[in-house]
Structure formats: C-alpha cells, structure tokens
Amino acid sequence: MTTLASLEHVTRRYGAVTAVDDVTLHIESGTILGLLGPNGAGKTTVISLLQGLRTATSGTVRLFGGDPADAAGRSHLGSTPQETALPATLRVGEVVDFVGAHFEHRVPTAELAREFGFDGLLRRQTGSLSGGQKRRLSVALAFVGRPKLVLLDEPTTGLDVEARCTLWAALTSQHERGATIVVTSHYLEEIEALAQRVVVMGEGRVLADDSLSGVLERVGLARVRLESSELGRVAALPGVDRVESDRAGVDPAGAGDATSATFFVRDPDAFVTALVRSGIAFRGLGVRGATLEEAFLSLTGPPPAPPSAATSVRKGF
Amino acid sequence: MSTAHLTLVHAKYSLLETARVPIAVIGGLVFPALSLLFFVVPQRMVADDPLFATQAVIALSVFALLANSLFGFGITISQARETAWDPYLRTLPAPALARVLAQVFSTGALGVVSILPVIVIGALLTEATAPLWRIGVGLVALAVASLPFMFLGIAIGYAMPSKAAIAVVQVVMFALAFGGGLFLPPILFADWLDTLSTFLPSRQAREFVIWAVQGGQLEPWVWIGILAWTAASLALALVLFRRDEGRRYR
C-alpha cells in the first residue's frame, strides 16, 4: 500500500468560519474510503483541497507526493462535477472527449459509455439528459483518464434505487481493477455498500477513522425499544445517549399520549438492569444493534442528552 | 499533455459551445456590419470620401472588438462563475494558463470574425481604402487598443452575476461606442462632448487605429490614455479576480 494523498494538520478557514480544523488524513491505495458527515462538516472542503481548487490556511496537502495545485500532479486524479453541472449545449460524446483530451492513456468514449450505461446517448446534448443520465455521465468522467485516485462528492444524490445500484456496481468493478476511491455521501447505505474504511467528520474535525465494522464497534450503540407510561423517567436513567419518540412531534419526556420510544444506549445489559431496578413499569422490550446511520448521528450529534432535554430530533437528513 | 495542446482543446470546446447557441453571439458579430451597411453606406457624402469612409470602417471595427471583448469576457466569466462545470475543469490536469489563453483565443477568433464583414463591406461598398501593410499595422494597433476592453470585460465578469453583467455590458458598450465617436464621427460632437470623449478608451482606440492606418500625427493623449486605461482596467480586473476567490470559496 502506498499513500496516494494526505492531509497533515490541515486547517482551512473562510473568513471567520473554520471549515476544516486540524485534519490529518492519509489515503492509501487500494481502498474505498467513505467520507461521512452532515452538511457543513467539511467533507467537500477536504475534497476540494485534494483537487487543488482551494489551498490550506495551514498544514500540508499532498497529492501523489506533490502539490495538488500543480496541474501535472493531477494527471492521475479523477473527479466529478458537482450538481451535475454539464455544459448544456455540448453532446455527451463531446464532453467525454473534452475531458479525455487531458489524459495520456484515456479510456475510449464507447467503452466508457458501455460501462456506465449511456452508450445510446452519445449524440444527445447534455441539456436533454435526465437527472440520472447526467449523474452517470458525471461519474463516468472521473474514470476517463484511468485515474489512480478518484474523488466522488455525493455521486448518487437524487438517484432512484435502481440507478444507484447500477452506479455502485460500476464503482465496485472500477475498484477491483485498481482504482482507489474516496466517496462522500449522505446515504449511509451507500457507505455501507461500498466503503471498507470510514472517516466520519463533524464541524471540520475527524471524529472517527476506522474500518466499517470498527466504526460500528467504536460507537457500539444499541437500540432499546419499549412501551411505558413513564418514558421521561426511563430517559433519565444512566447510559442513555439519545431518545427517539415513536410518534413524530411528540415529546416522550413530557407527553402522556406517547407510550413507546427508542433509547440509544452504550451498554444495553446495564441499561436493562437499571430499568428493572428503577421499578418503572414497561412492556414490549426489544433490543438490537444500531445501524451505521444511528452510530453516525451519535458521533456528529449533540453530546449525550441530560434528562431535561431527553428528546433528540433527527438532524441532517 | 502540453499547454499548447490543452489551450487548443479548451478553445475548441468553448467555440463549439458558443456555436451551438449562435443567437447569443450573433448580435455582436452582425451588428457592426449592419451599422456600416445602414448608417454609412447610404450616406454617400461619407461613403464616397476615402478619408471619412476609411475612418468609419475603422470606428466600426473598434466597435466590433469592443462589443466582442465586453460580451465575450464579461458574460462568459460571470456565467461560468455560476456553474459547477468551471470549478470541475480546474480539477483537470490543465494549467491555469491554458484556460486563460483559450478564453483569449476563442474570444479573439470571434472578434476577427466580426471585423471581417466590416472590412469587406467597407472595401466593396464605400471608397474606404488603405494599402495592405497599413491594414496589417491597423489590426495590430486594434489588438493593442482593445486590451482595456478585454480587462473591463473581465472585471465586469468577476464583479457581478450574469443577469447584471448582461445589462451592464450593454450600457457600458453603448456609452463607450457613442462617447468614443464609433457611431457618429467626433467632428459632429459639441466641444464639451469632444473634450469628454478624449478621456474614453474607445475614442483613444479609434484615434490610435486611424493613426496606424492613415498616418499623420498621434496626439499624446491617445497613447497616454491607452496606457492609463490598460493599467487601470488590468488592476481592477486583478482586484476583482482576487476578491472573487475569497467570495466563491465561502
């Protein structure tokens, strides 16, 4: 494994706002790295620092051992336009040829079109494509130069399930042929489906950097669902990270008409023991492990809630 | 991939994009030729006089490049700043120089296209005349005197969003064209307007190219004015370019 790109103690400020705060990150060859975080966490800034679009306020950004602002250093980098912004009057084939002209050993247009499923569209102007077709073309552009490292910023936003799966298959097959991929996403199932290593960012900092299972273990939250007329007292028990009412808009801490809620706890055994000891009446107890989405919320969300503010609102999605 | 090759690639696709929506540039391309055809050719007093006819052709050539530079840079840049395609192009392994040169080339190519019909109509339908080498010198002078227009266009492009840029470009273009004596010869101006006119880059460009083509005396205010406008508009463009980097990346 070689390090393709790295950030060393990188900070980037925009005026008074610190978008990236002392981030150190090494991207080794051969992995698919998932970069997760809510809006404003600094994901896109990290990507654009690696693309050479922005410079670090302090710290060092290296791409293939050089400076990403140096054009020649970007010849093994693939990236994708944001917001599917393609020049509307150019034909699909022309856009591919335009981008391909920047690379020494480019993939032939027809071959790329077949792989990403737009081979019938090469003569169409990009302005006439559907959202999903634009997205496939945009992602394909990242691979036209046979890159060693590919940076994908939210590649499947706005796609339906089927189109997303097609794109994931193309990404996986590109990865098997040797491309290292960094993918940012709001879709946690996307990261779960693709990534081997997960970096979670929040407020410009790296909150977790581990294997997929490692992140899950590290957070190690369990969901405990139960019914009770005294949900507020249950929420006040030690070890409760977060509470979600089962009825949207109802405050489980105070309202009498909410009877069931889900409690996120670090140690479900200790929690259940404390619950029983407390003498609170409950029924319908169920315990299961947290999904990545839930683990992720507890990493980026507010600190463990005090009893008076036991309700948490799901944010960011 | 060499910078020269990438410059050509970027210029090619920039022109291709423009050519797909010809109406966007057709005004800039055809308007100078139409002005000559409608306002100069029928006026036989001007058209039959080699001196005045040649000056009218020169004035409209200056206007062609003025319109071309303001539209080509002002509107292209302000529009590019509003899309995510432009930042994407900057992630490709092409040096910034290639992209800037491509913009100058593609705009310049359209500028040449807009001058050609003016010169052809002038040669065929009026008494405008000049030796071939003088026309060559005139074209070089025209390119030099157009630098302030180019920098003003860049400044407008970085200063405002495209909807505002379209309006501002038109106001600036017609103010400079009328005030600079590109539509009506300055000989018809009132004294105060004639004095004011000498401070405009369009008037200076007109006089500079006329001097290059027809010879005679070059007034100091012409070349001093061109130098001053070039320096000032370049400085403005650079300031706005830098400021834009800060604003775009917020």
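Predicted, not measured: the structure shown is a model, and the values here were computed from it. (Residues numbered from 1 in each chain as written. Chains lettered and ligands numbered in written order. Predicted model: local features only at pLDDT ≥ 70, side-chain atom pairs only at ≥ 80, totals over all residues. Heavy atoms only, no water.)

Participant: Would you mind going over the overall build of chain A in detail, with residue names and values included?
Facilitator: Helix and strand counts for chain A stand at 10 helices and 13 strands. Of all 317 residues assigned to chain A, the portion counted as buried reaches 51%. Across chain A, every contact between residues at least 6 apart in sequence was considered, and the portion connecting residues at least 24 apart equals 68%. In the structure as shown, chain A presents an accessible area of about 13500 Å², 50% of it carried by carbon and sulfur atoms. (Helix = DSSP H or I, 4+ residues; strand = E, 2+ residues; numbered from the N terminus. Buried < 20%, exposed > 50% of the residue type's maximum accessible area, 1.4 Å probe, protein only. Contact = heavy atoms within 4.5 Å. Areas by Shrake-Rupley, 256 points an atom, 1.4 Å probe, with all protein chains shown as cover.)

Participant: Go over the overall build of chain B, please, and point to the residues and values.
Facilitator: Looking only at helices and strands, chain B features 12 helices and zero strands. Secondary structure elements of chain B occur, N-terminal to C-terminal, as α-α-α-α-α-α-α-α-α-α-α-α. Sorting the 250 residues of chain B into buried and exposed places 47% on the buried side. For chain B, restricting intrachain contacts to residue pairs at least 6 apart in sequence, the fraction spanning at least 24 positions comes to 80%.

Participant: Which residues make up the sheet that holds strand 5 (residues 77–79) of chain A, and what values do they have?
Facilitator: Residues and elements named next belong to chain A. If you walk across this open sheet you meet the six strands as 5-6-7-3-8-9, and the pairing is mixed. A strand with exactly one partner marks an edge of an open sheet, and here the two such strands are strand 5 and strand 9 (205–211). Put simply, the sheet's adjacent strands are angled 15° from each other on average, direction ignored. Across five bridges, the pairing between strand 6 (residues 149–153) and strand 7 (residues 180–185) is parallel. Paired with L149 across the bridge in strand 7 is T180. Of the strands in this sheet, strand 3 (32–36), strand 5, strand 6, strand 7 and strand 8 (197–202) are in contact with helix 1 (residues 43–51), which crosses strand 6 at around 145°. (Pairing = 2+ DSSP bridges. Axes fitted to C-alpha atoms, helices over the stretch in contact; angles between N-to-C directions.)

Participant: Give a detailed account of the nonpolar core, specifying residues and quantitative values.
Facilitator: If you look at the biggest cluster of nonpolar residues, it comprises 53 residues, and the most contacted ones within it are A:F116, A:F118, A:L141, A:F143, A:I181 and B:W85. Excluding its chain neighbours within four sequence positions, the residues that come into contact with A:F118 are A:V92, A:V96, A:L112, A:A113, A:R136, A:L137 and A:A140. Residues B:A56, B:I75, B:I115 and B:L152 belong to the second largest nonpolar core, which totals 44 residues. (Core = buried A, V, L, I, M, F, W, Y, C linked by side-chain atoms within 4.5 Å.)

Participant: So what about the packing of aromatic side chains? Which residues, and what values?
Facilitator: All names here are of chain B. Enumeration over the complete set of coordinates arrives at 11 aromatic pairs over all chains. Relative to Y88, the ring of W85 has its centre 5.2 Å away and its plane inclined at 35°; by these criteria the two rings are tilted. One end of the pair, W85, and the other, Y88, are both in helix 5 (residues 85–89), three residues apart, so they sit about a helical turn from each other. Residue Y88 is classed as buried on the basis of its relative accessible area of 3%. Three or more aromatic residues link up through ring pairs in this structure, and these residues are F31, F63, F174, F178 and F183. (Phe/Tyr/Trp six-rings, centres within 6.5 Å; stacked < 30°, edge-to-face > 60°.)

Participant: Provide a residue-level description of the pairing of strand 7 of chain A, including the pertinent values.
Facilitator: Residue and element names in this part refer to chain A. Counting buried residues along strand 7, six of its six residues qualify, which places the element largely inside the surrounding structure. Burial along strand 7 is two-sided: T180, V182 and T184 facing one way and I181, V183 and S185 facing the other are all buried. Looking at chain direction, strand 3 and strand 7 are connected through five bridges and run parallel. From the neighbouring strand, L33 faces strand 7, where its bridge partner is V182.

Participant: Report on a nonpolar patch on the surface, specifying residues and quantitative values.
Facilitator: All names here are of chain B. Where nonpolar side chains cluster on the molecular surface, the patch consists of V21, I23, I26, V30, L34, L37, F38, F39, V120, L124 and L125 and spans about 1000 Å² of accessible area. Counting residues per element, the ones that place at least two in the nonpolar patch are helix 2 (23–40) and helix 6 (96–125). For the nonpolar patch, the element with the most residues is helix 2, which contributes seven residues. Counting through the fold element by element, V30 comes out in helix 2. (Patch = residues over 30% accessible without salt bridge, like charges linked within 9 Å, V, L, I, M, F, W, Y side chains within 5 Å. Salt bridge = Lys/Arg side-chain N within 4 Å of Asp/Glu carboxyl O.)

Participant: Please set out the confidence of the model for chain B residue by residue, giving values where relevant.
Facilitator: Residues and elements named next belong to chain B. Per-residue pLDDT for chain B averages 88, and the proportion of residues at 70 or more is 96%. Helix 11 (residues 201–214) holds the highest mean pLDDT among the elements of chain B, 94, whereas helix 2 holds the lowest, 82. Taken together, the stretch residues 246–250 has pLDDT below 50 and engages in 13 contacts with residues farther than four places along the chain or on a different chain. (pLDDT = per-residue confidence, 0-100.)

Participant: Give me the lowdown on the pattern of salt bridges, citing residues and values where you can.
Facilitator: Applying the stated rule across the entire model yields 13 salt bridges over all chains. Ionic pairing is found between A:E154 and A:K43, a salt bridge with its closest N-O pair at 4.0 Å. Of this pair, A:E154 sits in the loop between strand 6 and helix 5 (161–176) while A:K43 sits in helix 1, placing them 111 residues apart in sequence. Ionic contacts of the salt-bridge type, sharing partners, join the residues B:D194, B:R203, B:R206 and B:E207 into one network.

Participant: Break down the interface of chain A and chain B for me, citing the residues and quoting the values.
Facilitator: The interface of chain A with chain B comprises 30 residues on the first partner and 23 residues on the second. Interface area for chain A against chain B, summed over the two sides, is near 2500 Å², with a carbon-plus-sulfur share of 67%. It is A:L53, A:F98 and A:H102 in chain A that bury the most area against chain B; as a group they hold 28% of the surface buried on that side. Viewed at the interface, chain B and chain A are joined by one salt bridge. One salt bridge in this structure joins B:R20 and A:E94, with 2.8 Å as the shortest N-O distance. Scanning the region where chain A abuts chain B turns up eight residue pairs in polar contact (both at pLDDT 80 or more). Put simply, the parts of the chain that give the side of chain A that touches chain B at least two residues each are strand 1 (3–14) and helix 2 (92–100) of chain A. Looking at the side of chain A that touches chain B, the element that brings in the most residues is helix 2 of chain A, giving five residues. Of the residues belonging to the side of chain A that touches chain B, the class tally is 14 nonpolar, eight polar and eight charged. (Buried area = accessible area lost by both parts, 1.4 Å probe. Polar contact = N/O pair within 3.5 Å; in protein donor to acceptor, adjacent residues only side chain to side chain. Nonpolar A, V, L, I, M, F, W, Y, C, P; charged D, E, K, R; others polar.)

Participant: Account for helix 3 (residues 109–116) of chain A, naming residues and giving values.
Facilitator: Residue and element names in this part refer to chain A. Among the residues making up helix 3, those that are buried are T109, L112, A113 and F116. Taken down its axis, helix 3 places every buried residue within 100° of arc, on the same side. Turning to helix 3, the residues buried within the fold contact helix 2, helix 4 (131–141) and helix 5. Directly beyond the C-terminal end of helix 3, a positive phi value near 70° is found at G117. (Arc of directions from axis to C-beta.)

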